[in-house]
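Single-letter residue listing:
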Amino acid sequence: MKKFGTFLLLSSFGAALFAAPLLEGTCDKDALSYKIGEKITFSVKLSDGGKPVKGMKLKYNMRGDDGKSFGGLAPSDAPLEVQTSLDKPGFVHLFVEVADESGNPIKNFCRQYNGGAAAAFDEIKPATSEPPDFDSYWQKRVSEYFSAPIKGDLERVYQDPKGNKYPENYEVYKFSIATIGDPARGYITFPKGAKEKSLKIKANFQGYGWAPPSVAIYPDAIGLSLCSHSIDVDKQKEYYEDLKRGKLKGFAWEKELASPKDSYFDGMLMRDLCAIRYAKSLPQWDGKNLEISGGSMGAFQSFAMGALDKNATKLTVYVPWMADISGKKIGRLGGWLPDPLPNRLYFDTINFAKRIKCPIYIRAGLGDYVCPPSGEAALYNSISAPVTIDFVQDATHGFPPHKTAEYRRQKNQN
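Residues numbered from 1 in each chain as written. Predicted model: local features only at pLDDT ≥ 70, side-chain atom pairs only at ≥ 80, totals over all residues. Heavy atoms only, no water.

(A) Region of interest: the packing of aromatic side chains. All chains considered together, the criterion is met by 23 aromatic pairs. Their ring planes at 80° and their centres at 5.0 Å tell us that Tyr 137 and Trp 138 sit as a pair that is edge-to-face. Just as Tyr 137 is buried, Trp 138 falls in that class too. On the numbers, 4.8 Å between centres and 85° between planes, the contact of Tyr 239 with Tyr 240 is edge-to-face. Relative accessible area serves as the criterion here: at 27%, Tyr 239 is assigned to the partly exposed category. Given the relative accessible area of 7%, Tyr 240 is considered buried. When the ring centre of Tyr 369 is taken as reference, the NZ or CZ atom of Arg 63 above it lies at 4.7 Å. Positioned over the ring face of Phe 399 is Arg 363, at 4.8 Å from the centre of the ring. (Phe/Tyr/Trp six-rings, centres within 6.5 Å; stacked < 30°, edge-to-face > 60°. Buried < 20%, exposed > 50% of the residue type's maximum accessible area, 1.4 Å probe, protein only. Lys NZ or Arg CZ within 6 Å of the ring centre and 35° of its normal.)

(B) The sheet that holds strand S12 (residues 199-205), seen in detail. One open sheet holds the 10 strands; their spatial order is S9-S10-S11-S13-S12-S14-S15-S16-S17-S18, and the pairing between them is mixed. Looking at strand neighbours, the two that pair on one side only are strand S9 (151-156) and strand S18 (406-411), the edges of this open sheet. Here the strands of the sheet are splayed against their neighbours by 20° on average, with no regard to which way each runs. In terms of strand pairing, strand S10 (residues 170-178) meets strand S11 (residues 184-191) through eight bridges, oriented antiparallel. Within S11, the position partnered with Tyr 170 by the bridge is Pro 191. On top of the sheet, helix H4 (residues 264-280) reaches S9, S10, S11, S12, strand S13 (221-226) and strand S14 (285-295); it is set at about 160° to S13, its chief contact. (Pairing = 2+ DSSP bridges. Helix = DSSP H or I, 4+ residues; strand = E, 2+ residues; numbered from the N terminus. Axes fitted to C-alpha atoms, helices over the stretch in contact; angles between N-to-C directions. Contact = heavy atoms within 4.5 Å.)

(C) Spotlight on the pairing of S10. Burial analysis of S10 places eight of its nine residues in the buried class, the great majority of the element. The sheet contact formed by S9 and S10 spans six bridges and is antiparallel. When the bridges of S10 are listed, Leu 154 appears paired with Phe 175. Between S10 and the antiparallel strand that follows it, S11, lie five residues; Gly 181 among them carries a positive phi value of about 80°.

(D) Representation of the environment of Leu 341. Note that Leu 341 resides in the loop between strand S15 (314-318) and helix H6 (349-353). Assessed through its relative accessible area of 18%, Leu 341 is described here as buried. Spatially, the C-alpha atoms of Leu 341 and Leu 257 are 7.1 Å apart, while their sequence positions differ by 84 residues. Once you skip the residues sitting within four places of it in the chain, Leu 341 turns out to touch Glu 254, Lys 255, Glu 256 and Leu 257.

(E) Broad picture of empty space enclosed by the protein. According to the stated counting rule, one finds two cavities of 30 Å³ or more in the structure shown. In this structure, the largest cavity occupies an estimated 50 Å³ of space. Taken together, Pro 126, Ala 127, Thr 128, Ser 129, Glu 130, Asp 324, Leu 345, Asp 348, Ile 350 and Asn 351 make up the lining of the largest cavity. In the lining of the largest cavity, the residues fall into four nonpolar, three polar and three charged. Forming the boundary of the second largest cavity are Pro 320, Trp 321, Met 322, Ala 323, Leu 337, Cys 371, Pro 372, Gly 375 and Glu 376. (1 Å grid on protein atoms, 1.4 Å probe; cavity = no way out; pocket = protein on both sides within 12 Å on 5 of 7 lines; lining within 4 Å. Points joined across faces, edges and corners; volume = space filled by probe spheres on them. Nonpolar A, V, L, I, M, F, W, Y, C, P; charged D, E, K, R; others polar.)

(F) Representation of the sheet that holds strand S4 (residues 57-64) in the model. Judged by pairing direction, the sheet is antiparallel, and its four strands sit side by side in the order S5-S4-S7-S8 without closing on themselves. Two strands close off the open sheet at either side, each with one partner strand: strand S5 (69-75) and strand S8 (113-119). Neighbouring strand axes in the sheet, compared pairwise and without regard to direction, differ in orientation by 15° on average.

Right under this line is the structure:
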């Protein structure tokens, strides 16, 4: 089974596969525990097989959500120490790479280091307030879709597009669910012969991209793999490359939004909701358990479904996208995020997260500047449900292949 989140989990355990120079670093205490004005000290070393690599240069840049930045060049013979502090609640980001004597980065020498730490973690809040009619907008949209009959067109499939056969003891279907707007598409699976009301639902959402979802198979669940787009899910690679260059190029990055309905995300979330609604109509569903997961844009969709579908019982998400999209406007370090247009705030992950009641698990990177850690912290701090977040040191938008420090926060636990 392949899913976005699978890589994020498995990559943390691949250290034994790598025997190459490595930049390793951490800070002098729990990275989420600093106070405003307190000295933050990072130590980063270049090693190979545990032994120091000498004769190289380490080029570094330190920047923070308070606007301070500086950099330098240091020999690799001893661990690099970099000190800083924060003047307001937020994060710092330390970037280190191997360079030559002139400070020119040496490409492909080893993985770059991306470290981070926070000051006043609990005080990091969303940069702006939510739209005043957020609830009424979504209540109306959901009622519009749920007033329409949903017809599921299922086709049994026995192998993936590459010819690999699915296990014989599972039923695998690709689906097209017609409703208002474009149909929802993806895959749905369950164990062959499953009894009525015997299975939970596990719904999986994709990260940003153009490829179809992978089939997800579970012995104890209806597996729902949602396509982010209303496109065929079993075509060859060229079909998706054409979409990437054409119809889906730059999707959801509109320069203007006269209405939230004009956002690509609006149709995406409604398709997601209708696919879950269809899965809940299957006689095999136990009528109680709906577990939702995804990474990046898939995490954004997961939070939206957790808020809009009241049956959600558990969320497991990685590097959530679209959290605190206005952060850059108040000086926070930016990420790979569309402009915070007023009508795009209806899709800020934080505004969905505040409305979720079920337990949530989040895994995020302290060096992720696709989805900045300040946004992930503001997300966590806005949640009133039981929530756990693990921040991983030296993790960017994927997790490092070697063991690094992790920092956990939990709240609202039963």
